Amino acid sequence: MSLAEDAPGSRAGLTCGGRRETLSSMLRLPHVLAALLVAALALSSSSATAIRSGVDPAILEGDLARVVPEEMERRHLVGAVVVVVDREGVIFAEGYGHADLEQQTPVRPEYTTFQVASVSKLLTTTAVMQLVERSQVDLDRELSAYIPGLELPRRDGKSITPRHLLTHSAGVSEGFIGSQAHTREEWLSLREYMGRGLPAQFAPAGEIISYANYTMGLAGLLAESVSGRPFHEVVSREILQPLGMSRSSFGMEPAVLDGLAQGYVFASGAQRRISVDFRNNRASGGLATSGVDMARFLRVFLNGGEVDGTRILRRETTDAMLTRQFSQHPGMKGIGFGFWELEIDGRSYWGHDGDVVGWNARALLSPERGLGLFMAYTGTDTLKAFGDRVAST
């Protein structure tokens, strides 16, 4: 696995520890919650009251306690969780609002689960990279060698490989028709769903970045085919169970669904409940997880593949996943394996966002400073105006 150079920065600013800067861009994600989490990473290690890894939990808690409820009310959000971690463990974890508005159930970071949509792709990528470590998968071998019976396009004679899947460079179009079921009885297996037909390939593999849920579905099918077990069992056995992520699942088990935050959409002056769907393409967006569970997952990448003595990846693998593997141009941000390259306020971050109707999530890492964060919330952020609120604070 080849490593790649860092990306040049783009400028953004935040209000941190009493110091005010100009907010320019949040990489098309100008949500105030995301901005406040980035602020946590921007706290200077020179702060006299810093507790650990340059983050003062008291300042962070105070800022979030003031701004989050105000913005949730303003933007019609219902529930949220915010977790900040370093290499040693959780620095800050808090729930805001309600997991269920009608029942007035509070959000609890250790218990309440959220559908995290595309943040799920980080675990799918991790499952594939575990197989790479075991020499069961070669990143540059033709994908069809691992998935018998699946006909894959070869535009201009270029075969799709696992590397293309994990860097969204397979040149495959997006496909959403039939991607979700409304009941467990209607829920398709990943193989059955993926076998219903591939979207068109509009560009040769390895030439352009084109984000597509379908390619990550193929990555999940790869892990399933090579392991000989259903995808959700692969992730549970190789990632969730070893890390003690007992409130997380791709299998939508009743125990996890029992604490799932209810999704909402604000329409016609009222909150509308959104029914939980069962993602046929579960590898792309089917994870339900809690804030504290995701804290353990993020720490894997802050500690070179292990958490509290449990190793699920080698350090060289986590380094490769957090290194640029593909970009359209040296002057543009790119992608590692699964993780997207971000530049905020001149500093490098790696992360992924998730968005499905009623639920939203974001995971962000700053490996150099050993800090990570996770946030999830229910509601629909259609105005994209959170960043404006932070800029005027």
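Residues numbered from 1 in each chain as written. Predicted model: local features only at pLDDT ≥ 70, side-chain atom pairs only at ≥ 80, totals over all residues. Heavy atoms only, no water.

J.: Explain the packing of helix H3 (residues 120–133) against helix H6 (residues 213–227) to me, using residue names and the numbers behind them.
T.: Contact geometry of H3 with H6 gives a least axis separation of 9 Å together with a crossing angle of 40°. If you check the angle between H3 and H6, you find them oblique. Crossing hand, H3 versus H6: left-handed. Residues Lys121, Thr124, Thr125, Val128 and Leu131 of H3 lie in contact with H6, whose contacting residues are Asn213, Met216, Ala219, Gly220, Leu222, Ala223, Val226 and Ser227. Taken together, the residues that form the contact of H3 with H6 break down as seven nonpolar, five polar and one charged. (Axes fitted to C-alpha atoms, helices over the stretch in contact; angles between N-to-C directions. Helix = DSSP H or I, 4+ residues; strand = E, 2+ residues; numbered from the N terminus. Parallel < 35°, antiparallel > 145°, perpendicular 65-115°, else oblique. Left-handed = near helix turned anticlockwise from the far one by under 90°. Contact = heavy atoms within 4.5 Å. Nonpolar A, V, L, I, M, F, W, Y, C, P; charged D, E, K, R; others polar.)

J.: Provide a residue-level description of the packing of H3 against helix H7 (residues 231–243), including the pertinent values.
T.: In contact at an axis separation of 10 Å, H3 and H7 are set at 75° when each is read in the N-to-C sense. One element, H3, and the other, H7, form an angle in the roughly perpendicular class. Taking contact as the criterion, the partners of Leu123, Thr124, Thr126, Ala127 and Gln130 in H3 are, on H7, Phe231, Val235, Glu238, Ile239 and Leu240. Across the contact of H3 with H7, the residue classes break down as six nonpolar, three polar and one charged.

J.: Residues and numbers for the pattern of salt bridges, please.
T.: Summed over the entire model, instances satisfying the criterion amount to 14 salt bridges. Where aspartate 353 meets arginine 362, a salt bridge forms, and the shortest distance between an N and an O atom there is 2.9 Å. If you follow the salt bridges from partner to partner, you end up with Glu71, Arg74 and Arg75 in one network. (Salt bridge = Lys/Arg side-chain N within 4 Å of Asp/Glu carboxyl O.)

J.: Outline the pairing of strand E14 (residues 359–366), supporting the account with residue identities and numerical values.
T.: For a regular strand, the rule is simple: side chains alternate between the two faces of the sheet. In terms of residue burial, E14 counts as a mostly covered element, since eight of its eight residues are buried. Sheet analysis places strand E13 (residues 347–356) next to E14, joined by seven bridges and oriented antiparallel. Bridge pairing links glycine 351 to leucine 364 in E14. Taken together, E13 and the strand that follows it, E14, pair antiparallel across an intervening segment of two residues, in which glycine 358 is found at a positive phi of about 100°. Sheet analysis places E14 next to strand E15 (residues 371–378), joined by eight bridges and oriented antiparallel. Bridge pairing links arginine 362 to methionine 375 in E15. (Buried < 20%, exposed > 50% of the residue type's maximum accessible area, 1.4 Å probe, protein only. Pairing = 2+ DSSP bridges.)

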